[in-house]
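# Working through the structure, step by step
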Amino acid sequence: MDIHDIRQLFPILHQEVNGKPLVYLDSAATSQKPIQVIEAIDTYYREINSNVHRGVHTLGTRATDGYEGAREKVRKFINAKSTEEIIFTRGTTTALNTVAASYARANLHEGDEIVISYMEHHSNIIPWQQVAKQTGAVLKYLPLQEDGTISLDDVRETVNSDTKIVSIMQVSNVLGVVNPIKDIAKIAHENGAIMVVDGAQSTPHLKVDVQDLDCDFFAFSGHKMCGPTGIGVLYGRKQLLENMEPIEFGGEMIDFVGLYESTWKELPWKFEGGTPIIAGAIGLGAAIDFLEEVGLDQIEAHEHRLAAYAIEKMSAVEGLTIFGPKEAAKRAGLVTFNLDDVHPHDVATVLDAEGIAVRAGHHCAQPLMKWLKQSATARASFYLYNTEEEIDKLVSGLLKTKEYFSDVF
Amino acid sequence: MSSNNLDTLYRQVIMDHYKNPRNKGVLEDDSLTINMNNPTCGDRIQLTLKLEGDKVVDAKFEGEGCSISMSSASMMTQAIKGRNIEDALKLSEVFSLIMQGKDYEDDIDLGDIEALQGVAKFPARIKCATLAWKAMEKGLKEE
């Protein structure tokens, strides 16, 4: 599919915002949805809607087939061994919290160590802070290199036999760096720790293979990869999941309920208490079909080109600082930046007047903002539907922003 | 560029307060200190108020943020200095009405604050403008 065909599939892109054609450069916050996903959810509610795993009736069977069919799509998409290892959650945050609340609280003790990095998103920081408080474990941060990358030497130095959990994001939502998860997982395992991966920013953009990464848990969200909001996935290694207790109890997750004791369903359902996110899972399944039809390799290559182009063009803007590595080869498709003397909120407001949507703020990464010595930054993030022409519009918007603020001063 | 639109937000007087903030700093001694931040964007303000009886005799702010949040803080400190607590809180109510685009009693002399009226047309920026005012309200309501 060429870029024109791809854009045609996203109805939201074909509108004007503030009198200008929309230039949506905020896909790292949430991606837009192709017509296939919108229609899959629409069809579900119009023709299939029913509760899963219980009805004898026909719609109940169809809904169950749709929901469990989506689980199989996810399994294949990330190359898990079995659908028992695929748990539907509300998103990455819930997935990481499940690992923290179930696995970590049961297995960590005083003096054990949890290793994360300075670039983590709040959802991969706070659950571990809470575990540390509850168990007496120590939370340690991997330092970053000058360009924002993680060095394996630092990993070797920080991870030791006391380390029980290493939890790192695969792609940074601010720096754009792609972390060497496979190598970090190897070091974690050599020290007897488990490897948890926050895949929120990687799964939409590059081919993920959980067996090749050799990680123990992998979390991601549907809404950043063309799927709906409210659905995400926790992948977990079967042997670990089997020995973990659910964190939500109630309908759907039980095997037998007595007056004072109950038993749980098998994997993965013991972790899915309550009526599941059926339409969300079906929407995510449609998103996976779409991404596979376009091809993850093609998406990754396209974003790489956009990132390289954006870095080249944006570097030419005087007074603009780009955070993270300058070499496009080291990054995914987003560019975080600041403009001298103009606060990122003001940058975002002026760009918005041009129809250009970018993110401004701390990007849910306050420790990283501290490391960057910035209170806030602006971010342009790209996806399969963005074009070089849109990056040109961004750059001319930035030049106008500079001009505007030098005029009013 | 639709500058007309932007010009309703970035008025000259706002930019002046942003570039040359009034009452920037921290009051020492037995002043009232209020810290507040906007968790969605990272803007933060430290407001210190000196009260004598029910009167705000001095006000200063420190903080980090965009042109709207910092200029609003500058204007707010300027506006409440010398007012009694009740008046300052009344002004805060009026400011809140302005931000919501609602009518307010027009016998109040708003001074520079009037320039912030345009913020109401930029919903995403209202929280920037109200940060310092919320800090002031919090501090004075506790008194």
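Since the structure is predicted, the reported quantities are computational estimates derived from the model, not experimental observations. Per chain, residues are indexed from 1 in the order of the written sequence. Naming scheme: in the order in which they are written, chains are lettered from A and ligands are numbered from 1. Residues qualify for local features only when their pLDDT is at least 70, as the model is predicted, and side-chain atom pairs are given and counted only at 80 or more; totals for whole chains, interfaces and linings, by contrast, use all residues. To obtain the side-chain values, all non-hydrogen atoms of the structure were included, while hydrogens and water were left out.

### Observations regarding the overall build of chain A
- Scanning chain A for helices and strands turns up 14 helices and 17 strands.
- Relative to the 2.2 N^0.38 estimate, which gives 22 Å for 409 residues, the radius of gyration of chain A is 22 Å and therefore close to what a compact globule would have.
- Counting only C-alpha atoms and orienting by the principal axes, one finds that chain A spans roughly 75 × 55 × 35 Å.
- Relative accessibility under 20% of the residue-type maximum defines a buried residue, over 50% an exposed one, and the middle range a partly exposed one, all with a 1.4 Å probe and only protein chains included. In chain A, which comprises 409 residues, the share counted as buried stands at 57%.
- Partitioning the intrachain contacts of chain A with sequence separation of at least 6 by distance along the chain shows that 71% fall at a separation of at least 24.
- Summing over all exposed atoms, chain A offers an accessible surface of approximately 16,300 Å²; the carbon and sulfur share of this is 50%.
- In chain A, 37 positive and 57 negative side-chain charges are present, and the distance between their average locations comes to 2 Å. The way it works is that DSSP assigns letters per residue, a run of H or I at least four long becomes a helix, a run of E at least two long becomes a strand, and they are numbered from the N terminus. Our radius of gyration is a C-alpha quantity, and the globule rule it is checked against amounts to 2.2 Å times the number of residues to the power 0.38. In what follows, residue pairs with any heavy atoms lying within 4.5 Å of each other are defined as contacts. Per-residue accessibility takes into account occlusion by the displayed protein chains alone, with areas from the Shrake-Rupley method and a 1.4 Å probe. A residue counts as positive if it is Lys or Arg and as negative if it is Asp or Glu; His and the chain ends are not included. A single reference atom marks each charge: NZ on Lys, CZ on Arg, CG on Asp, CD on Glu.

### Thoughts on the interface of chain A and chain B
- With 18 residues of chain A at the contact, the number on the chain B side is 23 residues.
- Throughout this description, the term salt bridge denotes a Lys or Arg side-chain nitrogen within 4 Å of a carboxyl oxygen of Asp or Glu. Between the two partners, chain A and chain B, sit one salt bridge.
- Every element with two or more residues in the side of chain A that touches chain B is listed here: helix H12 (344–353) and helix H14 (388–408) of chain A.
- Per-element accounting of the side of chain A that touches chain B gives the leading share, five residues, to H12(A).
- Asp, Glu, Lys and Arg are counted as charged, while Ala, Val, Leu, Ile, Met, Phe, Trp, Tyr, Cys and Pro are counted as nonpolar; the rest, among them Gly, fall into the polar class. Within the side of chain A that touches chain B, the residues separate by chemical class into seven nonpolar, seven polar and four charged.

### A short note on the pairing of strand E7 (residues 163–169) of chain A
Residue and element names in this part refer to chain A.
- Of all seven residues that make up E7, six are buried, and the element is covered over most of its length.
- Bridge count for strand E5 (residues 113–117) against E7 is three bridges, and the pairing is parallel. Its bridge partner being in E7, Val-115 is matched across the sheet by Val-166.
- With helix H7 (residues 181–190) bridging E7 and the parallel strand E8 (residues 194–198), this β-α-β connection has right-handed handedness. At least two DSSP bridges between two strands are required for those strands to pair. Consider the strands pointing away from the viewer: the crossover is right-handed when the path from the first strand over the helix to the second runs clockwise.

### Thoughts on the pattern of salt bridges
- All chains considered together, the criterion is met by 26 salt bridges over all chains.
- Here Asp112(A) ties to Lys164(A) by a salt bridge, and the two come within 3.7 Å at their closest N and O atoms. Residue Asp112(A) is located in the loop between helix H4 (92–107) and E5, and its partner Lys164(A) is located in strand E7; the two are separated by 52 residues in the primary sequence.
- On the accessibility criterion, Asp112(A) (10% relative accessible area) is buried.
- Since its relative accessible area comes to 26%, Lys164(A) is described here as partly exposed.
- Residue Asp16(B) pairs with Arg22(B) through a salt bridge whose shortest N-O separation is 2.7 Å.
- Judged by its relative accessible area of 23%, Arg22(B) falls in the partly exposed class.
- Several salt bridges share partner residues, and in doing so they unite Lys20(A), Glu354(A) and Lys400(A) into one network.

### A word on the sheet that holds strand E2 (residues 43–52) of chain B
All names here are of chain B.
- Strand order across the open sheet formed by three strands is E1-E2-E3, with antiparallel pairing between neighbours. The sheet terminates laterally at strand E1 (32–38) and strand E3 (55–64), the two strands that pair on one side only. Direction aside, the axes of adjacent strands within the sheet are offset by 20 degrees on average.
- Here E1 pairs with E2 via seven bridges, running antiparallel. The partner of Ile-34 across the bridge, within E2, is Leu-47. Where helices are involved, their axes are fitted lines through C-alpha atoms of the stretch in contact, as for all axes, and angles between N-to-C directions lie from 0 to 180°.

### A closer look at the domain arrangement of chain A
All names here are of chain A.
- With domains assigned, chain A is organised as domain 1 (1–25 + 294–405) and domain 2 (48–290).
- Segment limits for the domains were obtained from an automatic or database-derived domain assignment. Computed from C-alpha atoms alone, the centre-to-centre distance between domain 1 and domain 2 is 29 Å.
- Contacts between the two partners involve 30 residues from domain 1 and, on the opposite side, 30 residues from domain 2.
- The term buried area refers to how much accessible surface (probe radius 1.4 Å) is lost by two components on association, counted for both of them together. Carbon and sulfur atoms make up 66% of the surface buried where domain 1 meets domain 2, a total of about 2,400 Å² over both sides.

### A short note on empty space enclosed by the protein
Residue and element names in this part refer to chain A.
- A 1.4 Å probe that fits into a set of points on a 1 Å grid over the protein atoms alone but cannot get out defines a cavity; an open set with protein on both sides within 12 Å along at least five of seven lines defines a pocket, and lining residues are those with an atom within 4 Å of a point. Grid points are joined across faces, edges and corners, and a volume is the space filled by probe spheres set on the points. Enumeration according to the criterion identifies one cavity of 30 Å³ or more in this entry.
- Put simply, the largest cavity is a space of about 60 Å³.
- Lining the largest cavity we find Ser-27, Ala-28, Val-171, Gln-201, His-205, Glu-303, Ala-332, Gly-333, Leu-334, Ser-381 and Phe-382.
- If you count residues domain by domain, the lining of the largest cavity takes at least three from each of domain 1 (1–25 + 294–405) and domain 2 (48–290).

### Re the packing of aromatic side chains
Residues and elements named next belong to chain A.
- Each pair of aromatic rings taken from Phe, Tyr and Trp, with Trp reduced to its six-membered ring, is defined by centres within 6.5 Å and is described as stacked if the planes are under 30 degrees apart, edge-to-face if over 60, and tilted in the remaining cases. Using the criterion set out here, one finds 13 aromatic pairs over all chains in the structure.
- Pairing Phe-10 with Phe-290 gives two aromatic rings, centres 5.7 Å apart and planes at 70 degrees, and the pair type is edge-to-face. Within this pair, whereas Phe-10 is found in the loop between helix H1 (3–8) and strand E1 (16–17), its partner Phe-290 is found in helix H10 (residues 278–294), the two being separated by 280 residues in sequence. A single burial state applies to Phe-10 and to Phe-290, both of which are buried.
- With 5.3 Å between their ring centres and 50 degrees between their planes, Phe-249 and Trp-264 make a pair best called tilted. Here Trp-264 lies in strand E12 (residues 262–264) and Phe-249 lies in the loop between helix H9 (238–242) and strand E11 (254–257), a separation of 15 residues in the sequence.
- Trp-264 sits in the partly exposed class, given a relative accessible area of 27%.
- One aromatic cluster is present, formed by Phe-10, Phe-290, Tyr-383 and Tyr-385 through successive ring pairs.
- Two limits define a charge over a ring: the Lys NZ or Arg CZ must be within 6 Å of the ring centre, and within 35 degrees of the ring normal. The lysine or arginine in question, Lys-207, covers the ring of Phe-77, its NZ or CZ lying 5.4 Å from the ring centre.

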